[in-house]
Amino acid sequence: MNQPKEAELGNLKVLRGLYLFLIISLIVMPQYFGVHIGVDLTCTRFAVIFITMYFIMNSKLMTHFYHTIIKCEVVYPLILYLMVAGYTMVFRVDINAFFMVFLEVLTFFYLIYGIRYVVGFRTTWKITIGCAYFLGIYGLTEFVYGKSIFHQFLSTVPNKVTNYYRSGHYRIMGPCGHSLGYGLLLLILVAAACYDMDKKRIYLFQRPLLFLILGINVFLTGSRSALAFFFVEVLVIFLLSSWRDKKITLFYALAAIVALGAVLMVIQKTSIGQYLLGQIASVIDEVFGTTYAANFGIDTQRLEDSTNYRKALPYIFTLDWLNPLVGRGNKFSGAEINGVFIESIDNYYVAQYIKFAYPGLIAYVLYLLVALFVLLRDIVKGDNFAKIILVGLVMYFASLWYVDALQTLKFSYLFLALFYARWLYRKSDMFKSENA
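Along each chain, residues carry numbers from 1 onward, in the same order as the chain's sequence is written. Where totals are concerned, whole chains, interfaces and linings use all residues; where local detail is concerned, this predicted model gives features only for residues with pLDDT of at least 70, and gives and counts side-chain atom pairs only at 80 or more. Side-chain measures were taken over the full set of non-hydrogen atoms in the model, leaving aside hydrogen atoms and water.

Novice: Teacher, can you tell me more about the overall build of the protein here?
Specialist: Scanning the protein from N- to C-terminus turns up 17 helices and eight strands. In terms of overall dimensions, the protein is globule-like: its C-alpha atoms have a radius of gyration of 22 Å, near the 22 Å expected for 436 residues. With respect to the principal axes defined by its C-alpha atoms, the protein has extents near 65 × 55 × 45 Å. Counted over contacts in the protein with a minimum sequence separation of 6, partners at least 24 positions apart contribute 72%. Counting from the N terminus, the helices are the DSSP runs of H or I reaching at least four residues and the strands are the DSSP runs of E reaching at least two. Both definitions apply: the radius of gyration is a C-alpha atom measure, and the globule rule equals 2.2 Å times residues to the power 0.38. Only heavy atoms enter the contact rule, under which two residues are in contact if any of them lie within 4.5 Å.

Novice: Please clarify how empty space enclosed by the protein should be interpreted in this entry.
Specialist: Gaps left between atoms show up when a probe the size of a water molecule is rolled over them. As defined here, a cavity is a set of points on a 1 Å grid over the protein atoms alone where a 1.4 Å probe fits but cannot get out. A pocket is an open set with protein on both sides within 12 Å along at least five of seven lines, and residues line them when an atom is within 4 Å of a point. Grid points are joined across faces, edges and corners, and a volume is the space filled by probe spheres set on the points. For the coordinates displayed, the defined rule picks out three cavities of 30 Å³ or more. What the largest cavity holds in volume is close to 60 Å³. Along its surface, the largest cavity is lined by Ile 27, Thr 128, Leu 185, Ile 188, Leu 189, Phe 411, Leu 414, Phe 415 and Leu 418. Among the elements of the structure, α8 (179–193) and α16 (409–426) are those that each provide at least two residues to the lining of the largest cavity. Here the nonpolar group is Ala, Val, Leu, Ile, Met, Phe, Trp, Tyr, Cys and Pro; Asp, Glu, Lys and Arg are the charged ones; every other residue, Gly included, is treated as polar. Residues that form the lining of the largest cavity fall into these classes: eight nonpolar, one polar and no charged. As a volume, the second largest cavity reaches approximately 50 Å³.

Novice: Would you mind showing me how to read the pattern of salt bridges here?
Specialist: Note on pairing: side chains with opposite charge can pair once their charged atoms come close. The working definition used for a salt bridge is a side-chain nitrogen of Lys or Arg within 4 Å of a carboxyl oxygen of Asp or Glu. Inspection of the entire model under this criterion finds six salt bridges. Of the charged contacts in the structure, one is a salt bridge between Arg 122 and Asp 198, with a shortest N-O distance of 3.2 Å. Of this pair, Arg 122 sits in helix α6 (residues 121–145) while Asp 198 sits in the loop between β5 (195–196) and β6 (201–202); the two residues are 76 residues apart in sequence, bridging distant segments of the chain. Note that Arg 244 and Asp 245 form a salt bridge whose closest N and O atoms lie 3.6 Å from each other. Note on classification: 1.4 Å probe, protein chains only; a residue is buried when its accessible area is under 20% of the maximum for its type, exposed when over 50%, partly exposed between these limits. Here Asp 245 falls in the buried class, since its relative accessible area comes to 3%.

Novice: Explanation requested: the packing of helix α2 (residues 43–56) against helix α3 (residues 59–69) in the structure shown.
Specialist: Helix-helix packing is described using two parameters, namely the angle between the two axes and the distance between the axes. Simply put, an axis is a line fit to the C-alpha atoms, just over the touching stretch for a helix, and the angle between two N-to-C directions goes from 0 to 180 degrees. At a closest axis distance of 6 Å, the pairing of α2 and α3 adopts a crossing angle of 110°. If you check the angle between α2 and α3, you find them roughly perpendicular. Every residue of α3 that contacts α2 at Tyr 54, Phe 55 and Ile 56 is listed here: Ser 59, Leu 61, Met 62 and Phe 65. When the residues that make up the contact of α2 with α3 are grouped by side-chain class, the tally is six nonpolar, one polar and no charged. Orientation is classified from the angle alone, with under 35 degrees giving roughly parallel, over 145 giving roughly antiparallel, 65 to 115 giving roughly perpendicular, and any other angle giving oblique.

Novice: Can you walk me through the confidence of the model for the protein in this structure?
Specialist: Fine structural detail should not be taken from predicted coordinates in areas where pLDDT scores are low. A score between 0 and 100, pLDDT records how confident the predictor is in each residue. On average, residues of the protein score 91 in pLDDT, and 96% of them reach the 70 mark or higher. Taken element by element, the protein is modelled with least confidence in helix α17 (residues 429–434), mean pLDDT 60, and with most confidence in helix α15 (residues 384–399), mean pLDDT 98.

Novice: Help me out: how do you make sense of the packing of aromatic side chains in this one?
Specialist: Here a ring pair, both rings aromatic, is described through the centre-centre distance and the interplanar angle of the planes. Stacked, edge-to-face and tilted are the three classes for Phe, Tyr and Trp ring pairs, Trp counted by its six-membered ring, which pair at centre distances within 6.5 Å; planes under 30 degrees apart are stacked, over 60 edge-to-face, the rest tilted. Following the criterion strictly, the structure yields 45 aromatic pairs and no others. Judged by centre distance (5.6 Å) and plane angle (20°), the rings of Phe 98 and Phe 102 are stacked. Of this pair, Phe 98 and Phe 102 both sit in helix α5 (residues 95–119), separated by four residues, roughly a single helical turn. Relative accessible area serves as the criterion here: at 17%, Phe 98 is assigned to the buried category.

Novice: I would appreciate a short explanation of the side chain of His 151 in the present structure.
Specialist: Mapped onto the elements, His 151 comes out in helix α7 (residues 149–154). Aside from chain neighbours lying at most four places away, what touches His 151 is Tyr 32, Asn 159, Val 161 and Met 173.

Novice: I keep staring at helix α14 (residues 348–380) and nothing clicks. Help me out?
Specialist: In an α-helix, one turn spans 3.6 residues; hence positions three or four apart end up facing the same way. Given the number of residues in a helix, its expected span is that number minus one, multiplied by 1.5 Å. The terminal C-alpha atoms of α14, which comprises 33 residues, lie only 30 Å apart, well short of the 48 Å expected from a rise of 1.5 Å per residue. Across the chain, bend at a residue is computed as the angle between axes fitted to the seven residues ending at that point and the seven starting from it. Of all the bends found along α14, the most pronounced is centred on Phe 356 and spans about 125°, while Pro 359, a proline, follows it within four residues. Two or three places before Tyr 349, at the opening of α14, Asn 347 has a side-chain oxygen 3.0 Å from that residue's backbone nitrogen. A positive backbone phi angle near 90° is found at Gly 382, which sits one or two residues after α14. Here a polar contact is recorded for every N or O atom pair within 3.5 Å, except that within protein the pair must consist of a potential hydrogen donor and a potential acceptor, and residues adjacent in sequence are included only if both atoms are side-chain atoms.

Novice: Looking at this structure, I do not really get the layout of surface pockets. What am I missing?
Specialist: The volume enclosed by the second largest pocket comes to roughly 1100 Å³. Within the residue set of the lining of the second largest pocket, elements represented by two or more residues are α6, α9 (208–220), α10 (224–240), α11 (243–267) and α12 (271–288). Ranked by residue count, the leading element in the lining of the second largest pocket is α11, at eleven residues. Grouping the amino acids of the lining of the second largest pocket by side-chain chemistry returns 28 nonpolar, two polar and no charged.

Novice: How do you make sense of the side chain of Lys 410 when you look at a structure like this?
Specialist: For Lys 410, the position within the fold is in helix α16. In this count, Lys and Arg are taken as positive residues and Asp and Glu as negative ones, while His and the chain termini are left out. For the buried Lys 410, which has no salt bridge, the nearest side chain bearing the opposite charge is Glu 104, at an N-O separation of 8.5 Å. One polar contact links the side chain of Lys 410 to the main-chain carbonyl oxygen of Leu 26, over a distance of 3.5 Å.

Novice: Honestly, the state of the cysteines in this entry has me stumped. Any pointers?
Specialist: Two cysteines whose sulfur atoms are joined by a covalent bond form what is called a disulfide. Throughout, a disulfide means two cysteine sulfur atoms within 2.5 Å of one another. Scanning all chains against the criterion turns up zero disulfides. No disulfide involves Cys 131; its sulfur sits 13 Å from that of Cys 43, the nearest cysteine. With relative accessibility at 7%, the residue Cys 131 sits in the buried group.

Quick look at the structure:
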């Protein structure tokens, strides 16, 4: 098989196979599938271990990896973040406080190198789109099945994953451990579905079937935050498309709205119709403070409790018994704030403060700011690929104000790694010679 021209090391078949396994398993394989030997060895971790062994046995490759990664500006705030995680591990005697972060960051760096030199960013993009089709169809199947097929047949390591239901309907969760986590992944995949790598074109209906099934998946997660950000994402992608594509989009969108309205009119009295209308109404209620969702059988009291719970989370920053310089790692058992007992942290940034205090939170925000700067640098030059990467990442990280990462950061790293791999290629002598 001919290797992509941008993957100079694509002839290293073993390494290429490891990277293909890493990329595919990272997207579609659940975290609860693997081998438990004191620690959970998932598919992604197996791939990282074997890639590390391959690099160790090839010192030239390791050196090349090092020189590649230091060209990526985000490496520096992430090293700072790792340092904070390291001293947190020492002070809190919590080895996972460091190694969980280390494995995520190492996987990110491996992805940048592997996509750039071993697999190629075009091939990786095609794999990502293929996985999006698979997950979209799987999500529809999972909803009909009524529970997680992945969890039923691939739960091989200890976990607390369970099937979630709302108003009598199953909330799909794909390869993630929670419906909210799957909603985060879908926001990234929707952005990917709307970009044409060959024509460098942003178009909402670039892949209409994929866009449709991913949109339905968003509804079926039962996640208000995912649905709200999906609507925002659709609007942003529409605004970023060309004037010609805007006109085509408006035509098809109008037809789709009429068709959707007709379908909802027909099924509005059915259970699924009430559920879908309730999902839309719950987002409207959250934004405008109304109570329309109750008209469709949605348990609004539970939604209100969830909203109040999230509103109490930022007050964790005011707790005087949390050390502002040394976080608690993974050792947080809960707190009572304004009469609300906080146990699960449905806010990634608050969770970062608890785990790594202000130094860790600041280091990670610096990483986000550097990534933003790097993307904007190319956007100013008119790069549509950087635009679609930014859209996906902004939707993802904005959502994290309302939910924890839920082991989904790897998806954001893959998206940014795709950008960096393409950026490194365009800076290479190979690209310059091809475009001389």
